[in-house]
There are 2 protein chains.
Amino acid sequence: MNQKIEDYLVNNRDTHLSQLKDFLAIPSISTLPEHKADIEKAAEWMAESLKRLEMDNVKVYETKGHPVVYGDWMKAEGKPTVLIYGHYDVQPVDPVELWNSPPFSAEIRDEKIYARGASDDKGQTFMHLKALEAILKTTGTLPLNFKFCIEGEEEMGSPNLPAFAEAHKDLLEADLVVVSDTGMIEKGKPSITYGLRGLCGLQIDVRGPKGDIHSGLYGGGVQNPIHALVQIVDSFRSEDGHILVNGFYDDVLAATEQEKEEFASLAFNEEGVKQELGVNELAGEKGYSYLEQTWTRPTLEVNGIYGGYQGGGLKTVLPSSAHAKISCRLVPNQDPSKIVELLKQHIIQHLPAGVDVELTPFDQGYPFLTPIDHPYVQAAGAAYEQVYDVKTTYIRSGGSIPIVATFTQLFNLPVVLMGFGLPSENFHAPNEHFHLENFDKGLRVLCHYWNDLAKM
Amino acid sequence: MNQKIEDYLVNNRDTHLSQLKDFLAIPSISTLPEHKADIEKAAEWMAESLKRLEMDNVKVYETKGHPVVYGDWMKAEGKPTVLIYGHYDVQPVDPVELWNSPPFSAEIRDEKIYARGASDDKGQTFMHLKALEAILKTTGTLPLNFKFCIEGEEEMGSPNLPAFAEAHKDLLEADLVVVSDTGMIEKGKPSITYGLRGLCGLQIDVRGPKGDIHSGLYGGGVQNPIHALVQIVDSFRSEDGHILVNGFYDDVLAATEQEKEEFASLAFNEEGVKQELGVNELAGEKGYSYLEQTWTRPTLEVNGIYGGYQGGGLKTVLPSSAHAKISCRLVPNQDPSKIVELLKQHIIQHLPAGVDVELTPFDQGYPFLTPIDHPYVQAAGAAYEQVYDVKTTYIRSGGSIPIVATFTQLFNLPVVLMGFGLPSENFHAPNEHFHLENFDKGLRVLCHYWNDLAKM
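Chain A is annotated in an unreviewed UniProt entry as Peptidase M20 of Fictibacillus enclensis.

Structure (structure tokens):
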């Protein structure tokens, strides 16, 4: 790599980290309405940064929800255009008491930066700004055309971005989409994610008596909404982890034998997952390896359950209602809307006597699979290898970035997921962090990639 | 009945109701520590009332919790001694906004007195004072010996009264215990409750990963504590409402054919229960009538469940833990400690892989059954009939008054539950009230009963 760029990155590292800390200090939690002003502040921060980067057409686009920040640099005539997607919103921070340092006051400890959004996705989005800044400041130009599309609703499932993309198809048109919102399979192993799971879910509200009632006077004669809910939820899965919803697996594209062999060759450290999570045993669907379970198999999980008394000791009530939030991670070629319908049918069929149920779908996202033999994808792999000096692995992820599938469908483009996070970095959990080793190396990978693409 | 007593009750009705209002004005909520001073005030109020009634040995006995008020009148030489048990503590008043008049400012509307404790149990305890006052003031003496034991922790499950009773066995010794803390089966139908259910329960804490984790990255490969909890809870009951815990029914004393016939003859209004609760269907254990289900069959109910995300929308986590509070209403001859052991064994046996569980028992209480052919019980029934002019029904209740079983076991005495409440009077709920018709008639029933017992 150009020594000037290398020097620039070394000499400006402290400034860059200080800027990242400013970005991380904005509590832009998209799901909590009380953080609306912070969301706007984060969008403004991003727009200002794009302007300082000499991007053109920088604009904060309003949507029905949180704004989308756009900016472009289109002066590399005849060269391909890269659309860089990222998000400036973050997950909530509860339970906040489990954080070792305040979630919105970034702290570097042991060469890791700790803050909500450090890795997912402010840190990784920020790297794209700094890679282009390094090239621009040292060469005065960029080797390709770039467009930024940075949204503020990814952690809500990107409810408004598909409509925005549809309405601004010309604006976002490109030859390639690059997203850095995923992780490497383990420390020191560069990885390109070629498959993501989709998402759909339901709020289940079971209602019984019009108020809480006395468990002595009525207990045994009246349906308890918690028991009804438990009966429904338990009917979803067999004891061996198989989903029992009729038709659930109908459209599942099975992993190929080649994929299974490649997964096995990764020699994935299941023992490490157990230690990291502090569990004695991994317990997924029988008949599949851990990687197959989390990358290629759909799930149905309860993300939250509540009903009745939650305080200290006992209160002998039969509650009036009970509630669960369930979500499914979907794999190619499952259709989120179809799965939601199957879930609804299952619940109605399994509804115990004496209660009513209300079902409210959550936002949905399609699963994603990109061709790994595309030259742009292979070039990304090669860029990693130049920096990490290790063969790039092609992996899937169990997570969902719904907008990735939308981009694929809308623009019929290859989407390259160049992630720099690590599975141990507590995305969505207390003490989220980002390894500075991957911050540093990732910046260099991106610089290589853009220069290599320009030569193709 | 003695006309002088009748006249006394009529002439002093306003004074009595005014005194009751004073008693009801003390917010003696036993479960809320901030009402400790009110508890003490209510105990003092009771002690002062006993002194004015010319009771001897009146004393507020301290316990590890709230005090017990004692007083006696032992001048009826050669006559039986009646121990009157009641409680001066009340339930919390939340949600207070649902009350139509302030809970601690009693209001008479439509010949009902509305206040927390009006029926459960200040109103009913107060009636015992006034019945004895009427007899004393008009005859100068009492036909029997009386002891009062009025506690302040009934709504907490009487945690300290068993130890108090054990330590003061001589003080509380009697020939008969009378408790007015139950209800009549319906308006105008005098009822003696001869059976109560017992109580035991467990807090179930299921723990998985050491923190909440990402449902995409890990989902499908790691046990979800909510699913594990749901699997355990669902394993407790069959779809027809039968408890599947091994040995659970072993000691259950089945209702006799005679009892079943008597229950059937009550022509209990199940439609009324559905309307009152706002449910389309009653859904208890198959093969039993509603009264059998709630009076003679043990239950296992979840009183509260919680785990994971409970806010708006969806948060795609696999939670670190999930929790349930379960309790069982027990019937004769089930032993609470034994049932807790069976529950623990069942949970351990049904614990899914990949999680741990912690089990914490709640306070326990034995079920109760008193011989309805005992002359003292029959005399109580006859006293009701003289006032209400309707045949007394012998009923059970699904609720628990743990101390009743303790008295039975400790003193080997018949316990007569002479209740004057009505099922519709909102015990433990907003707008608790007491029908003055039963206040008036109940006073006369008690006067009859004491005079009749003295002649036996």
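Having put the structure on the table, let's press on.
Chemist: Even after reading the chapter, I still don't get the overall build of chain A, so can you show me in this structure?
Modeler: Each helix and strand counted, chain A has 14 helices and 18 strands in total. For 456 residues, the compact-globule formula gives about 23 Å, and the C-alpha radius of gyration of chain A, at 23 Å, lands near that figure. The burial tally for chain A puts 63% of its 456 residues in the buried class. Look at the contacts in chain A between residues 6 or more apart in sequence, and 79% of them connect residues 24 or more apart. On chain A, the mean spot of the 39 positive side-chain charges and the mean spot of the 64 negative ones are 2 Å from each other.

Chemist: How do you make sense of the sheet that holds strand β4 (residues 107-109) of chain A when you look at a structure like this?
Modeler: Pairing between sheet strands relies on hydrogen bonds along the backbone, with the strands arranged either parallel or antiparallel. All names here are of chain A. Strand order in the open sheet formed by three strands is β4-β5-β18, and the pairing between neighbours is antiparallel. One side of each edge strand has no neighbouring strand; the edge strands of this open sheet are β4 and β18 (433-435). Pairwise comparison of adjacent strand axes, ignoring direction, gives a mean angle of 25° for this sheet. Bridge count for β4 against strand β5 (residues 112-114) is three bridges, and the pairing is antiparallel.

Chemist: Even after reading the chapter, I still don't get the interface of chain A and chain B, so can you show me in this structure?
Modeler: Quite often, the size of an interface is put as the accessible area lost when its parts meet. Opposite the 80 residues of chain A that make contact, chain B presents 74 residues. Of the roughly 6,500 Å² buried between chain A and chain B on both sides combined, carbon and sulfur atoms contribute 54%. The three residues of chain A that bury the most area against chain B are His-227, Leu-277 and Asn-303 of chain A, which together make up 10% of that side's buried surface. On inspection of chain A and its partner chain B, the count reaches zero salt bridges. There are 40 residue pairs in polar contact (both at pLDDT 80 or more) connecting chain A and chain B. At the level of elements, β9 (198-207), β10 (213-214), α7 (225-234), α9 (270-277), α10 (290-296), β11 (301-308), β12 (317-318) and β13 (321-330) of chain A are the ones that each hand at least two residues to the side of chain A that touches chain B.

Chemist: Where do I start with the sheet that holds β9 of chain A in this structure?
Modeler: Strand order in the open sheet made by the eight strands is β14(A)-β9(A)-β13(A)-β11(A)-β11(B)-β13(B)-β9(B)-β14(B), with antiparallel pairing throughout. At either margin of the open sheet sits one strand with a lone partner, and together these are β14 (356-361) of chain A together with β14 (356-361) of chain B. Here the strands of the sheet are splayed against their neighbours by 20° on average, with no regard to which way each runs. Pairing of strand β11 (residues 301-308) of chain B with strand β13 (residues 321-330) of chain B involves six bridges; the strand directions are antiparallel. The residue of β13 of chain B that forms the bridge with Val-302 of chain B is Ile-326 of chain B. Here helix α11 (residues 336-349) of chain A sits on the sheet and contacts β9, β13 and β14 of chain A; the angle it forms with β9 of chain A, its principal contact strand, is near 25°.

Chemist: Honestly, the environment of Thr-392 of chain B in this entry has me stumped. Any pointers?
Modeler: All names here are of chain B. When you line up the elements, Thr-392 lands in the loop between α12 (375-388) and β16 (393-396). Take Thr-392: its relative accessible area is 4%, and that puts it in the buried class. Taking C-alpha positions, Thr-392 is 22 Å from Asp-121, a pair spaced 271 residues apart along the chain. From its side chain, Thr-392 meets the backbone oxygen of Gly-381 in a polar contact 2.7 Å long.

Chemist: Quick question: what am I supposed to make of empty space enclosed by the protein here?
Modeler: A water-sized probe rolled over the atoms picks out the places where empty space is left. All names here are of chain A. Overall, the coordinates contain one cavity of 30 Å³ or more when judged by the stated rule. Every residue along the wall of the largest cavity is listed here: Gly-247, Phe-248, Asp-250, Asp-251, Gln-334, Asp-335, Lys-338 and Ile-339. When the residues that make up the lining of the largest cavity are grouped by side-chain class, the tally is two nonpolar, two polar and four charged.

Chemist: Would you mind going over the relation of the copies chain A and chain B with me for this structure?
Modeler: The two chain copies are connected by a rotation around an axis plus a translation along it. Each copy of the sequence occupies a distinct position, and chain A is placed on chain B by a rotation of 179° and an axial shift of 1.3 Å, giving an RMSD of 1.3 Å. Classification of the inter-copy transformation places it as that of a two-fold axis. Closest approach to the rotation axis within chain A is made by the C-alpha atom of Tyr-306 of chain A, at a distance of 2.1 Å. Comparing contact sets, 91% of the residues at the interface of chain A also lie at the interface in chain B, consistent with an isologous, same-surface contact.

Chemist: Mind showing me how you'd approach the packing of helix α2 (residues 13-24) of chain A against helix α4 (residues 122-139) of chain A here?
Modeler: Any two packed helices are characterised by the angle at which their axes cross and by the distance between the axes. All names here are of chain A. Two numbers describe how α2 lies on α4: the axes approach to 11 Å, and their chain directions differ by 140°. The angle between the axes of α2 and α4 places the two elements in the oblique class. Considering the relative orientation of α2 and α4, their crossing is right-handed. Contact residues: His-16, Gln-19, Leu-20, Phe-23 and Leu-24 in α2; Lys-122, Gly-123, Phe-126, Lys-130 and Glu-133 in α4. Among the residues making up the contact of α2 with α4, the classes are represented as four nonpolar, three polar and three charged.

Chemist: How should the UniProt feature "domain: Peptidase M20 dimerisation" (unreviewed entry) in chain A be read in this particular structure?
Modeler: When the UniProt feature table is mapped to this numbering, "domain: Peptidase M20 dimerisation" (unreviewed entry) covers residues 194-353 of chain A. Helix makes up 30% of residues 194-353 of chain A and strand 22%. Its end C-alpha atoms lie 46 Å apart.

Chemist: What is the right way to look at helix α3 (residues 36-52) of chain B in this model?
Modeler: Structural remark: α-helix, 3.6 residues per turn; residues separated by three or four positions point the same way. Residue and element names in this part refer to chain B. Its 17 residues place the ends of α3 25 Å apart at the C-alpha level, agreeing with the 24 Å of an ideal helix rising 1.5 Å per residue. Taken residue by residue, α3 has Asp-38, Ile-39, Ala-42, Ala-43, Trp-45, Met-46, Ala-47, Ser-49 and Leu-50 as its buried positions. On the buried face of α3, the contacting elements are α2 (13-24), β1 (56-61), β2 (68-73), α4 (122-139) and β6 (145-151). Following α3 by one or two positions, Glu-54 adopts a phi angle in the positive range, close to 65°.

Chemist: Looking at this model, I keep getting lost on the state of the cysteines. Mind explaining?
Modeler: Where two cysteines share a covalent bond between their sulfur atoms, that bond is called a disulfide. Residues and elements named next belong to chain A. Overall, the coordinates contain zero disulfides over all chains when judged by the stated rule. The thiol of Cys-328 is not disulfide-bonded; the next cysteine sulfur, from Cys-200, is found 4.5 Å away. According to the relative accessible area criterion, Cys-328 is buried, its value standing at 0%.

Chemist: Mind showing me how you'd approach the domain arrangement of chain A here?
Modeler: Residue and element names in this part refer to chain A. In terms of domain boundaries, chain A breaks down into domain 1 (3-196 + 367-455) and domain 2 (199-252 + 298-361). In this structure, domain 1 and domain 2 have C-alpha centres spaced 36 Å apart. Along the contact surface separating domain 1 from domain 2 lie zero salt bridges. Our enumeration of links across domain 1 and domain 2 arrives at one residue pair in polar contact (both at pLDDT 80 or more). Looking at the side of domain 1 that touches domain 2 residue by residue, the classes come out as four nonpolar, three polar and one charged.

Chemist: Got a minute to help me understand the pairing of strand β16 (residues 393-396) of chain A in this structure?
Modeler: Along any regular strand, the residues point their side chains to alternate faces of the sheet. Residues and elements named next belong to chain A. Residue alternation in β16 divides its side chains into two sets, Thr-393 and Ile-395 and Tyr-394 and Arg-396, and both sets are buried. Across four bridges, the pairing between strand β8 (residues 191-196) and β16 is parallel. Looking at the pairing, Thr-193 lines up with Ile-395 of β16.

Chemist: Looking at this structure, I do not really get α2 of chain B. What am I missing?
Modeler: All names here are of chain B. Here α2 contains 12 residues, and its C-alpha end-to-end distance of 16 Å stays within 8% of the 16 Å for a straight helix at 1.5 Å per residue. All of the buried residues along α2 are His-16, Leu-17, Leu-20, Phe-23 and Leu-24. Buried residues of α2 fall within an arc of 110° about the axis and therefore sit on the same side. Lining the buried residues of α2 we find α1 (3-11), α3, β4 (107-109), β5 (112-114), α4 and α14 (436-455).

Chemist: Would you explain the packing of aromatic side chains in this entry?
Modeler: The geometry of an aromatic ring pair comes down to the distance between the two centres and the angle between the two planes. Residues and elements named next belong to chain A. Counted according to the given criterion, the structure contains 28 aromatic pairs over all chains. Measuring from centroid to centroid gives 4.9 Å for Phe-146 and Trp-450, while their planes differ by 75°, and the two rings are edge-to-face. Of the two residues, Phe-146 sits in strand β6 (residues 145-151) while Trp-450 sits in helix α14 (residues 436-455), which places them 304 residues apart along the sequence. When its relative accessible area of 0% is taken as the criterion, Trp-450 is described as buried. Considering the side-chain rings of Phe-268 and Tyr-290, the 5.4 Å spacing of their centres and the 5° angle between planes classify their relative orientation as stacked.

Chemist: I would appreciate a short explanation of unusual backbone geometry in the present structure.
Modeler: Most peptide bonds take the trans form, and the phi angle of most residues other than glycine is negative. A cis amide bond links Pro-332 of chain A with the next residue in sequence, Asn-333 of chain A, at an omega value of 0°. Residue placement: Asn-333 of chain A occurs in the loop between β13 and α11. Across the junction of Asp-120 of chain B and Asp-121 of chain B, the peptide omega takes the value 0°, indicating a cis bond. Notably, His-428 of chain A is not glycine yet its phi reads approximately 65°, a positive angle. Its place among the elements puts His-428 of chain A in the loop between β17 (415-418) and β18. One non-glycine residue, Asn-431 of chain A, lies in the positive phi region at around 60°. Along the polypeptide, Asn-431 of chain A turns up in the loop between β17 and β18. Judged by relative accessible area, Asn-431 of chain A falls into the buried class, the value being 12%.

The rules behind the values
- Residues numbered from 1 in each chain as written.
- Chains lettered and ligands numbered in written order.
- Predicted model: local features only at pLDDT ≥ 70, side-chain atom pairs only at ≥ 80, totals over all residues.
- Heavy atoms only, no water.
- Helix = DSSP H or I, 4+ residues; strand = E, 2+ residues; numbered from the N terminus.
- Rg over C-alpha atoms; globule rule 2.2 N^0.38 Å.
- Buried < 20%, exposed > 50% of the residue type's maximum accessible area, 1.4 Å probe, protein only.
- Contact = heavy atoms within 4.5 Å.
- Lys, Arg positive; Asp, Glu negative; His and termini not counted.
- Charge placed at Lys NZ, Arg CZ, Asp CG, Glu CD.
- Pairing = 2+ DSSP bridges.
- Axes fitted to C-alpha atoms, helices over the stretch in contact; angles between N-to-C directions.
- Buried area = accessible area lost by both parts, 1.4 Å probe.
- Salt bridge = Lys/Arg side-chain N within 4 Å of Asp/Glu carboxyl O.
- Polar contact = N/O pair within 3.5 Å; in protein donor to acceptor, adjacent residues only side chain to side chain.
- 1 Å grid on protein atoms, 1.4 Å probe; cavity = no way out; pocket = protein on both sides within 12 Å on 5 of 7 lines; lining within 4 Å.
- Points joined across faces, edges and corners; volume = space filled by probe spheres on them.
- Nonpolar A, V, L, I, M, F, W, Y, C, P; charged D, E, K, R; others polar.
- Least-squares fit on C-alpha atoms with pLDDT ≥ 70 in both.
- Parallel < 35°, antiparallel > 145°, perpendicular 65-115°, else oblique.
- Left-handed = near helix turned anticlockwise from the far one by under 90°.
- UniProt positions renumbered as here; feature names shortened; annotations may be inferred.
- Expected span 1.5 Å × (residues − 1).
- Disulfide = S-S within 2.5 Å.
- Domains from an automatic or database assignment.
- Arc of directions from axis to C-beta.
- Phe/Tyr/Trp six-rings, centres within 6.5 Å; stacked < 30°, edge-to-face > 60°.

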